[in-house]
Amino acid sequence: MNRIRLIIHRLFRRPAVTGPMPLYTRRVPDGLFLDLEEYFTYVVETIADDPDAHALFLEIVEDRAVSREHDGWEPEQLLMERLAERIGYEVPVRGKALARLADRMRAAAPAPAAAIPAQRKAGAA
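Predicted, not measured: the structure shown is a model, and the values here were computed from it.

Scanning the protein for helices and strands turns up 5 helices and 2 strands. For the protein, the succession of helices and strands along the chain, N to C, is α-β-β-α-α-α-α. In the protein, which comprises 125 residues, the proportion classed as buried is 21%. A separation of at least 24 residues holds for 51% of the contacts in the protein among residues at least 6 apart in sequence. Carbon and sulfur atoms make up 58% of the accessible area of the protein, which totals about 10,300 Å².

Structure follows, in structure tokens:
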């Protein structure tokens, strides 16, 4: 059933942010999913097309394939930082697009709990 909902969502979705990189949202009962498919596609294409980024990615793959006990040192973390620096890890959202995204996120947020006024103390007028 979830797969059908996702397919329907993808057919009729409209971006919350159209540029410079489209972002989509999908409401769920307790919030929303921020759909970063366009950014994900950009990342994969950049890794595939950029020889230096591809080499870094292959280093990460090779490093993770080595079987070892966890000693607190994760050398692939440095490689991940270098890859993120090369590709970028932020999706720009500016101006009116930021306001639209904020409105969508605010609409998906749960309603604030109703405040119950404090009861009067016994004997107070």
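The discussion continues.
Counting residues in hydrophobic clusters, the biggest one holds 10 residues: Met21, Tyr39, Val43, Ile47, Ala53, Leu56, Ile60, Leu79, Leu83 and Ile87. If you list the elements that add at least two residues to this core, you get helix H2 (37-49), helix H3 (51-65) and helix H4 (75-87). Of all hydrophobic cores here, the second largest spans 5 residues; its members include Ala16, Leu23, Ala97 and Leu101.

Our next topic: the pattern of salt bridges. A side chain with one charge may pair with a side chain of the opposite charge, provided their charged atoms come close. Applying the stated rule across the entire model yields 3 salt bridges. Among the salt bridges present, the one from Asp50 reaches Arg86, with a minimum N-O distance of 2.9 Å. One end of the pair, Asp50, is in the loop between H2 and H3; the other, Arg86, is in helix H4, and 36 residues separate them in sequence. Residue Asp50 is classed as buried on the basis of its relative accessible area, which comes to 18%. In this structure, Asp103 and Arg106 form a salt bridge, with 3.0 Å as the shortest nitrogen-oxygen distance. Placement of both Asp103 and Arg106 in helix H5 (residues 95-108) is noted, with a separation of 3 residues, approximately one turn of the helix. Taken together, the shared-partner salt bridges connect Asp50, Asp52 and Arg86 into one network.

What follows covers the environment of Met105. One can find Met105 in helix H5. A residue is classified by how much of its surface remains accessible, and Met105, at 41% relative accessible area, is partly exposed.

Cut-off values and rules
- Residues numbered from 1 in each chain as written.
- Predicted model: local features only at pLDDT ≥ 70, side-chain atom pairs only at ≥ 80, totals over all residues.
- Heavy atoms only, no water.
- Helix = DSSP H or I, 4+ residues; strand = E, 2+ residues; numbered from the N terminus.
- Buried < 20%, exposed > 50% of the residue type's maximum accessible area, 1.4 Å probe, protein only.
- Contact = heavy atoms within 4.5 Å.
- Areas by Shrake-Rupley, 256 points an atom, 1.4 Å probe, with all protein chains shown as cover.
- Core = buried A, V, L, I, M, F, W, Y, C linked by side-chain atoms within 4.5 Å.
- Salt bridge = Lys/Arg side-chain N within 4 Å of Asp/Glu carboxyl O.

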